Amino acid sequence: MTETRPLLHFTKLRYYNLTDTILEETSDSNVSDLSYKNTEETMTSAFTEIPVIDFGPFINGTLEEKTQVAEEIGSACRQVGFFYLKNYGIPPEVTENAFDQVRRYFSLPLEEKMASVVGEVGTETRGYSSMFEQKLDEKTADRKESFHIGFELSANDEYRVKHGLLCYGPNIWPKNLPVLQLAHRVLQAFALALHLPEDYFAPFLIEKPMVEFSVYYYPPQPKVDDSNQIGCGEHTDYGCFSLLSQTSVNALQVKNTKGEWIDAKPIENTIVVNIADTMQRWTNDTFVSTVHRVINRSDKDRYSLAFFFGSDYFAKVECLPSCCNSERPAKYESVLAGEYIEGKIQKMLMPRN
Ligand SMILES: O=C(O)CCC(=O)C(=O)O
Ligand SMILES: [Fe+2]
């Protein structure tokens, strides 16, 4: 086969053909100059709380202040895999406005929502998904409705769009989403927390990331008499990390190492951040992708906005240079990011009858 496709290697952007011949590559980044090594084993704990971190000093502060915030974030990623950010740079009215639109959309008659189903029902990560269509825990279908859009690239994108790869356009992608800027900053904080250069992740996640933006509606479920029918079954996220805004109904829960469910209760003017599977693998289990679920036991409707950030489909996921050494060798073989999450996403989509 002579088809060419790109592969993002950690220190270089390389274009490979399928027989792995390097066709073209960018210059080396500066990773060999790393003065720190981030080699501690993960210390996931029986946490009872999810830390709240003030991101203001990261956005506006000196390098010293940024480093301090990054250390707090690093500690949360090692011990919990979840944290809240406050002062994260998105005005509350932007989020409120989004929730107004989301409420309006989900209150439409079912036939109207079904008109925004994209492609074969149950096989797409675009458009409307009706109740019980997704299955984040393979044992149970989710009691929720959702609407999904993916990061939009030009229809001419040679490798991703033309090849119809999962998680890329076309769809209706809102212009100038402030959450993208936030995601880039969170990535910078991750890089500093891992003792890597601040823009280390930029080539893998900035230009052509596999981002899915999902909005959810969870109806009230005051009595959970059949645990097979909860809002969102227990699971970990697949990409690099996720950002989540939730309305004031308590429903998201995160599992600690003792198997206890800890509430990720809504805290006004915060956003929830969690590590996902690809990042856990990249960091050689230094950062943890923690199991979570959603049960809306209240008598009110619950909504959430979730951004799932994955890397470029063609990023090669192999142990970061600061996360392994001779005492702590890489635990996972290298994989292509897109191929790694593709199977997981397909498993989660329920075929419709
Ligand atoms: O709605 C939420 O709070 C979380 C949803 C979630 O975990 C997911 O869709 O992966
Ligand atoms: Fe999740």
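Below you will find a few notes about this structure. Quick caveat: nothing in here was measured; it's all calculated off a predicted structure. (Residues numbered from 1 in each chain as written. Chains lettered and ligands numbered in written order. Predicted model: local features only at pLDDT ≥ 70, side-chain atom pairs only at ≥ 80, totals over all residues. Heavy atoms only, no water.)

Next up on the list: the site of ligand 1. Around ligand 1 sit Leu136, Tyr216, Tyr218, His235, Asp237, Leu244, Leu252, His292, Val294, Arg302, Ser304 and Phe308, and that is every residue in its neighbourhood. Within the contact set of ligand 1, an oxygen atom lies 2.7 Å away from a side-chain nitrogen or oxygen of Tyr218. Side-chain polar atom of Arg302 to an oxygen atom of ligand 1: 2.9 Å apart, as the coordinates give it. Within the complex, the protein chains bury 96% of what would otherwise be the 290 Å² of accessible surface of ligand 1. The set of elements that each furnish at least two residues to the shell around ligand 1 consists of β8 (209–218), β14 (292–294) and β15 (302–312). The element that contributes the greatest number of residues to the shell around ligand 1 is β15, accounting for three residues. A per-class count over the shell around ligand 1 returns seven nonpolar, three polar and two charged. (Near = heavy atom within 4 Å. Polar contact = N/O pair within 3.5 Å; in protein donor to acceptor, adjacent residues only side chain to side chain. Areas by Shrake-Rupley, 256 points an atom, 1.4 Å probe, with all protein chains shown as cover. Helix = DSSP H or I, 4+ residues; strand = E, 2+ residues; numbered from the N terminus. Nonpolar A, V, L, I, M, F, W, Y, C, P; charged D, E, K, R; others polar.)

A positive phi is found at Asn284, a non-glycine position, where the angle reads about 55 degrees. Among the secondary structure elements, Asn284 is positioned in the loop between α7 (277–282) and β14. With a phi close to 70 degrees, Asp285 is a non-glycine residue in the positive phi region. With respect to the helices and strands, Asp285 occurs in the loop between α7 and β14. Taking relative accessible area as the criterion, Asp285 reaches 9% and is therefore assigned buried. (Buried < 20%, exposed > 50% of the residue type's maximum accessible area, 1.4 Å probe, protein only.)

Overall, the coordinates contain six salt bridges when judged by the stated rule. Residues Glu198 and Lys66 are paired through a salt bridge, measuring 2.7 Å at the closest nitrogen-oxygen approach. Of the two residues, Glu198 sits in the loop between α5 (178–193) and α6 (202–205) while Lys66 sits in helix α2 (residues 63–79), which places them 132 residues apart along the sequence. On the basis of relative accessibility, which here comes to 23%, the residue Glu198 falls in the partly exposed class. Exposure remark for Lys66: the relative accessible area of 16% places this residue in the buried category. Among the salt bridges present, the one from Asp100 reaches Arg103, with a minimum N-O distance of 3.3 Å. (Salt bridge = Lys/Arg side-chain N within 4 Å of Asp/Glu carboxyl O.)

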